[in-house]
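Architecture at a glance
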Amino acid sequence: MSKHDETQAPIKADIQPYDHSLILLAIALLSIGLVVVTSASMPVADRLFGNPFHFAIRHGIYVVLAMISAMIVMQIPMRWWRMSNVWLLLLTVVLLISVLVIGRSVNGSTRWLVLGPITIQAAEPAKLFFFCYLAGYLVRRHEEVTDNLKGFIKPLVVFFALALLLLLQPDLGTVVVMLFTTIGLLFLAGAKLWQFFSLAIAGTLAVVLLIVFEEYRVRRITSFLDPWADPFGSGYQLTQSLMAYGRGDVFGQGLGNSLQKLEYLPEAHTDFIMAILAEEFGFAGVLTVLVIMLVIVMKAMAMGNAALRRERPFEAYLAYSIGIWFSLQTTVNVGASAGVLPTKGLTFPLLSYGGSSLIVMSVAVAILIRIDFEMRVDGIQAINKAGAAKGKKRNLSQKSKTRSQHGYRGCN
């Protein structure tokens, strides 16, 4: 049509509506996670349920639900997220309070809401909804955030209220991720350096105090600093994880050949999934997974930059927050299993076992794909409008030239 109609701009055949590479990277992580979770969970599933594929089947169902949720969210325009971010924050508060009132306790932590056959870990959607609210706030109050202290403090008050509800569960890991994502987002939004450093220092001191005043957190820190001092007590989990990393060497022992998954390493298919992956696939496997996650994070940050250039600040801040969130949670998960950071009980995005985490992380990736899609559509529309304007101008000039020629001939 564009070839025969001069009013239409030529549309490049290679323009795609979605970022296919981002979709493929997310599917790759989900697939690797399904394989490793199946391998890591077979011994404990056989002992508890008499079916070695119990957790694998559940994880496969979670993957399907996560992909369906992502496809649904990809149809929701970003305008809806921008208009609904305050309501999403209220939903976050309701979820966190409901957990404390009617939640189910596991290993001393009350983090799960049971709705019939569905179990929801409220902290997972709380992170995404809070980042949506924070992105909306930075758009509405951008001048206040950059010009005076009041605008800088307001979102921190909301964060501290949510942090208090999370600490009552208790869930310090989620609080740490949300805190440092908030700090990074405020910095990218243009907060003054003294405000940024003050918040970073105050946040670090608060985390240290929270650790000092809880005995079990102090034990985690001491076992992290020297796990071999008590290898059969407080340092047991970390020493077993380190042995898994050591056995993996460069290319691993092979799929299914892990020894630590034979119930030597607790939580092998959840928090310490990377240790089993390292043992079975070695340094090469760990590096592959980390590179995939790095590319996803870089794409999120690049989308944020592109959205700012196209005057889409809400989409930019939301993409930034998702990128920072993924990178921080990956760092904490891998660092804890490798003995670089204290154990925090956070999942590896799109890889670890857990329905709430898988679905929320997949929804976050779907939001990134939607942001990219809307920017691509805007770009094509801009090309078409510019082409149509040029076509009309060309037609008018041709008509005027034809009229002048006819008029000249008439005079002759």
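The rules behind these values
Residues numbered from 1 in each chain as written. Predicted model: local features only at pLDDT ≥ 70, side-chain atom pairs only at ≥ 80, totals over all residues. Heavy atoms only, no water. Helix = DSSP H or I, 4+ residues; strand = E, 2+ residues; numbered from the N terminus. Buried < 20%, exposed > 50% of the residue type's maximum accessible area, 1.4 Å probe, protein only. Contact = heavy atoms within 4.5 Å. Areas by Shrake-Rupley, 256 points an atom, 1.4 Å probe, with all protein chains shown as cover. 1 Å grid on protein atoms, 1.4 Å probe; cavity = no way out; pocket = protein on both sides within 12 Å on 5 of 7 lines; lining within 4 Å. Points joined across faces, edges and corners; volume = space filled by probe spheres on them. Nonpolar A, V, L, I, M, F, W, Y, C, P; charged D, E, K, R; others polar. Core = buried A, V, L, I, M, F, W, Y, C linked by side-chain atoms within 4.5 Å. pLDDT = per-residue confidence, 0-100. Phe/Tyr/Trp six-rings, centres within 6.5 Å; stacked < 30°, edge-to-face > 60°.

Let's shift gears to the overall build of the chain. A count of helical and extended segments in the chain gives 13 helices and three strands. Within the span of the chain, comprising 412 residues, buried residues form 46% of the whole. Considering only intrachain contacts with a sequence separation of at least 6, the fraction spanning at least 24 residues in the chain is 70%. By element, 66% of the accessible surface of the chain is carried by carbon and sulfur atoms, the whole surface being about 20,300 Å².

One pass over the structure, following the stated rule, counts one cavity of 30 Å³ or more. Its volume calculated, the largest cavity comes out at about 50 Å³. What lines the largest cavity is simply D271, F272, V332, N333, A336, T343, K344, G345 and L346. Taken together, the residues that form the lining of the largest cavity break down as four nonpolar, three polar and two charged.

Residues F130, L138, M274, W325, F326 and I367 are the most contacted members of the largest nonpolar core, which totals 110 residues. Discounting chain neighbours no more than four positions away, the residues touching F130 are L89, T92, P155, V158, F159, L162, M178 and T182.

A few words on the confidence of the model for the chain. Counting all residues, the mean pLDDT for the chain is 81, and 84% of those residues have values of 70 or more. Counting interchain partners and residues more than four positions distant, the pLDDT-below-50 stretch residues 1-13 has 18 contacts. Scored below 50 in pLDDT, residues 408-412 shows zero contacts in the model against residues more than four places distant or in partner chains.

The description of an aromatic ring pair uses the distance of the two centres, along with the angle that the planes make with each other. With the rule as written, the count across this model stands at ten aromatic pairs. Pairing Y62 with Y353 gives two aromatic rings, centres 5.8 Å apart and planes at 55°, and the pair type is tilted. Here Y62, found in helix α2 (residues 54-73), pairs with Y353, found in the loop between α12 (313-337) and α13 (355-411); they are 291 residues apart in sequence, far enough to count as distant. Each member of the pair, Y62 as well as Y353, is classed as buried.

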